[in-house]
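# Residue-level structure breakdown
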Amino acid sequence: MNEQKKKEILSQLTLEEKASLCSGADFWHTKEVKRLGIPAVTVSDGPHGLRQEDPKDHNKSYPAVCFPSACATACSFDRHLLFELGEVLGSECRSQGVSVILGPAVNIKRTPLCGRNFEYFSEDPLLAGELAAAYIQGVQSQKVGTSIKHFCANNQEERRMTVSAEVDERTLREIYLTAFELAVKKAKPWTVMCSYNRINGEYASENKKLLTDILRKEWGFKGLVMSDWGAVNDRVKGVAAGLDLEMPSSGGVNDSEIVRAVRSGVLKESDLDQAVENVLELADRHLVQVPEDHCHDWDADHEFARQVECESMVLLKNEDEILPLNRQDKIAFIGKFAETPRYQGGGSSHINAYRVTSAMEAVQQVTEVTYAPGFSIDDDQQDEALLQEAVRAAAQAKVAVIFAGLPEYIESEGFDRKDMKLPECQNRLIHEVAKVQPNTVVVLHNGAPVEMPWVNEVKGLLELYLGGEAVGAAAVDVLFGFSNPCGKLAETIPVKLSDNPSYLFYSGEGDTVEYREGIFVGYRYYEKKGIPVQFPFGYGLSYTTFQYSDLEVNHSEINENGSLSVTLKVRNTGKRAGKEIVQLYVKDHQSAVIRPVKELKGFEKIELNPGEAKIVGFQLDRRAFAYYSEELQDWCVQDGTYEILIGKSSRDIELSTTVRIKSASKARRPLTVNSTLGEFLACHPSEEILGTLKRIFPNLEDPTGIRDLPLRTAISFSNGLVTHEMLSKLINQVNSNVN
Ligand code: BGC
């Protein structure tokens, strides 16, 4: 909508109408103004399928295809796949008259316990941001909007509507905002959804720093900001801070508050107008973009859901090449999830699935297997008869495949898990089966990592995450080798919960949770501490093998504003076609600030036939080397040497090289009398100045023992040779030379 049109409509709206446009008409619609031809906009959850509510029954939604959750799709590391997923969802939205799908959700997995981790992509902001951007571009290519959520720091479900996430600025920027920043800048989502919680004391829904200063002014966001459902605390403050739309309807209560506040001068009418303009813009996009005669092929989407899961699941262990299974062998499928898979999480993203394919159903097309449920998924009661039946079935087979996982009652939006364990009845079943059957494979259905006390007793381990409604068919595809596994972990699986960096501080005290681990989230922490993990970030196996070679950079030295090209060769050295995810990490060699050992700065997924080789390329800009300086309130690159690491996972670095980044290093603070000798020398003072200094500090050639002395000691240690004036002059000279 052009500016003039917007202003025209605005001028025809009464104050009451304007206020009323800033909240929903009901749960899923904005308000219409018939008189001026402003239509209602329909929004719907999201993010991994359409949950369009049946207007006749609040608790029901129309059937739709349930795709794998973000915990799974993140493991694909595949921008193209996420774009396609977005396209399909966008097209489904159009067929249902939905203008905005409420997703993707890009909050960082700070603790494995967060009940909503299944909806989130990763512990790494670059991966989360890149995949979210691709998903948004896909949906929006269909002229349907997205709502990237939950902005921001909604990293636990416990007290999510009141808790204050206490996060220092550097951590906020480097970890919790980056995924939003990347996606907003790259993909321009139509809308952003603010989170329920507070950030450093201020509710997200009335946080001007986040909603206006950072989102709009710094990142250039032009769309609409809506509240999470019920996230509004002080509506008037929210309008002033940049919250355009309150969802769902507040029954008019908060609209009246807005009117009162404008009348009494507490709220500027121009702030309200800005919010209304953003609502009008969204309504206009809806009006223009949604055709009415669009139909949809749900069966094709079911097949696509199967493909997405095949591209996402992660093969974690494959001793003696136990997988793929040989269909001539006698195989036992064990575990209730083989028959009733857990394929999605609970809460607002819950889909009324169009059709669910279990592994038991899918395997009928391949071979005959024996089956024993082994455990119940309704509680953690050990049923001895079920257990013994499963052990007998396993013993009589050549291979036992156990379909284990987290039942719904353990993991959902709205609450966090209490621990990182599978139900005890399942752990016991795996131990008992492994005792009688050396060829045991475990297949996991879960939204977040679990402890694996049996991991050394089984030969195979396949992580499905929550794989969508076709998960059973996808699992069979990979188990029997019709599809070659090609996912890698988008999060670390720690050995035990207490290894996790947030363990000491999660879930906070009273109404605050302090993010005291700072930037050391996920692998950034495990790498720094050198802690053994069960499976590292970025890890995953294939039925083929890959060899990396010929790492090259186009410059050995670049200016911080330059761009660096990195290439390497990857060859498929096995006998099957397969896909490999190549990861690029950057390591700062001699940083003056505390930094992680390495950080992911690029990833590419490629497909290779047996024997085939391809060149993989990455382009790095200054941000790949930068950290956020609280002092400068900006991203800062330090002058120095950086290592470019190419890995098959965060722990398996295959190739490396170094590059020198030249930077004016704005990070340097001006010297004062309390700066140290070391800091002084780092400014490369002239020979003449050095000469003066050497007379005071004869050890200057080898300053190891004296580099921490403050410059002011030059006065006291020089027996009157150096005066205050002389020292000030020296310092001024160095400061002016450097700056
Ligand atoms: C969730 C959002 C969701 C909204 C609408 C909220 O409880 O946090 O993610 O989009 O409900 O269902």
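Attention in this report is confined to the structure presented alongside it.

Parameters and conventions
Residues numbered from 1 in each chain as written. Predicted model: local features only at pLDDT ≥ 70, side-chain atom pairs only at ≥ 80, totals over all residues. Heavy atoms only, no water. Helix = DSSP H or I, 4+ residues; strand = E, 2+ residues; numbered from the N terminus. Rg over C-alpha atoms; globule rule 2.2 N^0.38 Å. Buried < 20%, exposed > 50% of the residue type's maximum accessible area, 1.4 Å probe, protein only. Contact = heavy atoms within 4.5 Å. Areas by Shrake-Rupley, 256 points an atom, 1.4 Å probe, with all protein chains shown as cover. Near = heavy atom within 4 Å. Polar contact = N/O pair within 3.5 Å; in protein donor to acceptor, adjacent residues only side chain to side chain. Nonpolar A, V, L, I, M, F, W, Y, C, P; charged D, E, K, R; others polar. 1 Å grid on protein atoms, 1.4 Å probe; cavity = no way out; pocket = protein on both sides within 12 Å on 5 of 7 lines; lining within 4 Å. Points joined across faces, edges and corners; volume = space filled by probe spheres on them. Pairing = 2+ DSSP bridges. Axes fitted to C-alpha atoms, helices over the stretch in contact; angles between N-to-C directions. Core = buried A, V, L, I, M, F, W, Y, C linked by side-chain atoms within 4.5 Å.

## Focus: the overall build of the chain
Helix and strand counts for the chain come out as 21 helices and 29 strands. Against the compact-globule benchmark of 27 Å for 739 residues, the chain has a radius of gyration of 29 Å, which places it among compact chains. Counting only C-alpha atoms and orienting by the principal axes, one finds that the chain spans roughly 95 × 70 × 50 Å. The buried share among the 739 residues of the chain stands at 62%. Of the contacts made within the chain by residues no fewer than 6 positions apart, 76% connect residues no fewer than 24 positions apart. When the accessible surface of the chain is summed, it comes to about 28400 Å², and 48% of that surface belongs to carbon and sulfur atoms.

## Side note on the site of the ligand
Of all residues adjacent to the ligand, which total 14 residues, the nearest are D45, R116, H150, Y196 and D228. Side-chain polar atom of D45 to an oxygen atom of the ligand: 2.4 Å apart, as the coordinates give it. E413 is positioned such that a nitrogen or oxygen atom in its side chain is 3.2 Å from an oxygen atom of the ligand. Bound to the protein, the ligand loses 94% of the 310 Å² it would expose on its own. Its residues assigned to classes, the shell around the ligand shows five nonpolar, two polar and seven charged.

## Focus: the layout of surface pockets
Here the second largest pocket defines a volume of roughly 530 Å³. The wall of the second largest pocket is formed by 28 residues, among which L126, L182, K601, D621 and R623 lie closest to the centre. Of all the secondary structure elements, the ones that give two or more residues to the lining of the second largest pocket are α5 (125-140), α7 (178-187), β24 (599-608) and β25 (613-620). For the lining of the second largest pocket, the residue count by class is ten nonpolar, four polar and 14 charged.

## A closer look at the side chain of R216
Topologically, R216 is positioned in helix α8 (residues 208-218). R216 has contacts with L211, F221, K222, G223, L224, V225, G242, D244 and N278, leaving out every residue within four places of it along the chain.

## With respect to the environment of E557
Inspection of the secondary structure puts E557 in strand β21 (residues 557-559). It is 41 Å that separates the C-alpha atoms of E557 and S147, two residues lying 410 residues apart in sequence. Other than its neighbours up to four places away in sequence, E557 contacts V659, R660 and K662. Reaching out from E557, the side chain makes a polar contact with the side chain of K662 at a distance of 3.4 Å.

## Description of unusual backbone geometry
Along the chain, G103 connects to P104 via a cis peptide bond; the corresponding omega equals 5°. Tracing the chain through its elements places P104 in the loop between β4 (100-101) and α5. Looking along the chain, the bond that leaves K149 and enters H150 is cis, with omega of -5°. Secondary-structure assignment places H150 in strand β5 (residues 145-151). Of note, the phi angle at K143 is positive, near 65°, even though the residue is not glycine. Take K143: it is sitting in the loop between α5 and β5.

## Considerations on the sheet that holds strand β22 (residues 564-572)
Strand order in the open sheet formed by three strands is β20-β22-β25, and the pairing between neighbours is antiparallel. Every interior strand has two partners, whereas the edge strands, β20 (546-553) and β25, have only one. Across the sheet, the mean angle from the axis of one strand to that of its neighbour is 20°, orientation sign disregarded. Of the strand pairs in this sheet, β22 and β25 are connected by eight bridges, and their pairing is antiparallel. In the sheet register, V570 faces β25, and the bridge partner there is K614.

## Description of the nonpolar core
In terms of nonpolar packing, the biggest core is built from 157 residues, with F151, F333, I334, V401, M452, W454 and L479 touching the most fellow members. The leading source of residues in this core is α5, at ten residues. Once residues within four sequence positions are removed from consideration, V401 is found in contact with L325, I331, A332, F333, I334, V441, V443 and L479. Counting 38 residues, the second-largest nonpolar core is a separate cluster that includes L15, W28, V239 and L245.

## Concerning the pairing of strand β12 (residues 331-334)
Here β12 shows two buried faces, one formed by I331 and F333 and the other by A332 and I334. Note that β12 and strand β13 (residues 369-372) share four bridges and pair parallel. Among the inter-strand pairings, F333 is bridged to a residue of β13, identified as Y371. By the bridge criterion, four bridges tie β12 to strand β14 (residues 399-405) in an arrangement that is parallel. Each residue of the ladder has a partner; that of A332, found in β14, is A400.

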